[in-house]
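# Structural description and commentary
Here's the letter readout for the chains.
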Amino acid sequence: LGSLYQQTENESSSGRGRLNEVFQEELDRQGCFRLIEECFTLIVMIGEAVMTQYTNRPPIVQPELAREIAPGVIVIPDQYINLVPNVGIVIGTDAVLVVESGMGIENGQRVLHKAMEVAGSKPLLFTTTHFHPEHAFGTQVFKGHATILTNTTQADELREKGASYLNLFRGLGPDAHKALEGVELVMPDETYQGEKTIDLGGKQVVLHELTGGHTRGDQIVFLPYEQVLFTGDRQAHPRFAHHAGVT
């Protein structure tokens, strides 16, 4: 009996020892989780502080920052400002193409003024990568000054969803609401399906429809000789969801 008692006591001690080990491991694990949580909270706080520098800036296109990224290809950079796209101006010997208007009348006017400045007496063409307000809701300014051209699916989507997106984006804050004051939805003068090549005079531009991506009617604008591609929001900067890509 003594031997049996001793064996039982040893097993009980071993069990308690293992239980203590498990308990300690759990405490260590919880401590690790707490450390991770604290670090994550700190990272989020730092990230929010950095983001505030950008999200507090009004969504204004800045033509004075325009730069030539290839011969005859000008980009007005978004400056990492939310709701501001990269705007493109492609200059040929016969015509000039503008890609994106920015959001609202004021931005559209800023882009149009810059385009007219570089175009001189050359006719203007205008297109957008998709129908979203920060890319296309300054289009009304170009009416009568440029031939407005998009893919058919984009035009259909603007017709179906434009009014609801106008209301939605007006609710994003006072800056967005102000930018969209007086905006009217304008349909393109011309549309195409699939792909269209434009000759601006010594400058070839390919408009290509890519459905089922960021929107149903996405369009990319490609300059094959200069190897410049305007992707719209199909390639967005990770800081925001509304940055038009240029590669």
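Look a little higher up for the structure.
Figured I'd write up the structure that's included with this text.

### As for the pairing of strand β4 (residues 96–99)
Residues Val-96 and Val-98 line one face of β4 and the alternating positions Leu-97 and Val-99 line the opposite face, and both faces are buried. Where strand β3 (residues 87–91) meets β4, 4 bridges bridge the pair, whose relative direction is antiparallel. Residue pairing for β4: Ile-89 is matched across the bridge by Val-98. Following β3, the chain reverses through 4 residues before pairing antiparallel with β4. Relative to strand β5 (residues 124–127), β4 runs parallel, the two sharing 4 bridges. Counted as the bridge partner of Val-98 is Phe-126 from β5. Tracing the backbone out of β4, into helix α2 (residues 105–119) and back to the parallel element β5 gives a crossover that is right-handed.

### What about the sheet that holds strand β6 (residues 146–151)?
Read across the sheet, 7 strands follow the order β1-β2-β3-β4-β5-β6-β7 without closing on themselves; strand pairing throughout is mixed. Only two strands of the sheet have a single partner each, and these edge strands are β1 (67–70) and β7 (190–192). Ignoring which end each strand starts from, the neighbouring axes of this sheet average 25° apart. Packing of α2 onto the sheet brings it into contact with β2 (73–76), β3, β4 and β5, and relative to β3 it is tilted by some 15°. Sheet contacts for helix α4 (residues 152–170): β6 and β7; angle to β6, the most-contacted strand, approximately 95°.

### Regarding the packing of aromatic side chains
Summed over the entire model, instances satisfying the criterion amount to 3 aromatic pairs. What links up through ring pairs into an aromatic cluster is the set Phe-131, Tyr-165 and Phe-169.

### Considerations on the nonpolar core
Formed by 21 residues in total, the largest nonpolar core has its most connected members in Ile-89, Leu-124 and Phe-142. Of all the secondary-structure elements, those providing two or more residues to this core are β2, β3, β4, α2, β5 and β6. In terms of residue count, the dominant contributor to this core is α2 (4 residues). Those residues in contact with Leu-124, other than ones at most four positions away along the chain, are Val-96, Leu-112, Ala-115, Met-116, Ala-119, His-145, Ala-146 and Thr-147. Membership of the second largest hydrophobic core comes to 18 residues, among which are Ala-70, Ala-95, Leu-125 and Val-205.

### Description of α4
Two residues of an α-helix separated by three or four positions point the same way, owing to the 3.6 residues in each turn. With 19 residues, α4 should reach 27 Å at 1.5 Å per residue; the first-to-last C-alpha distance of 26 Å fits that figure. The sharpest bend along α4 comes to roughly 60°, located at Lys-161. Along α4, the residues that are buried comprise Thr-152, Thr-153, Gln-154, Ala-155, Glu-157, Leu-158, Gly-162, Leu-166 and Phe-169. Against the buried residues of α4 lie α3 (133–136), β6, α5 (174–179), β7, β9 (204–210) and β10 (218–223).

Quick notes on the rules
- Residues numbered from 1 in each chain as written.
- Predicted model: local features only at pLDDT ≥ 70, side-chain atom pairs only at ≥ 80, totals over all residues.
- Heavy atoms only, no water.
- Buried < 20%, exposed > 50% of the residue type's maximum accessible area, 1.4 Å probe, protein only.
- Helix = DSSP H or I, 4+ residues; strand = E, 2+ residues; numbered from the N terminus.
- Pairing = 2+ DSSP bridges.
- Right-handed = clockwise from strand over helix to strand, strands pointing away.
- Axes fitted to C-alpha atoms, helices over the stretch in contact; angles between N-to-C directions.
- Contact = heavy atoms within 4.5 Å.
- Phe/Tyr/Trp six-rings, centres within 6.5 Å; stacked < 30°, edge-to-face > 60°.
- Core = buried A, V, L, I, M, F, W, Y, C linked by side-chain atoms within 4.5 Å.
- Expected span 1.5 Å × (residues − 1).
- Bend = angle between axes of the 7 residues up to and from the residue.

This is a description of form; function is not addressed.
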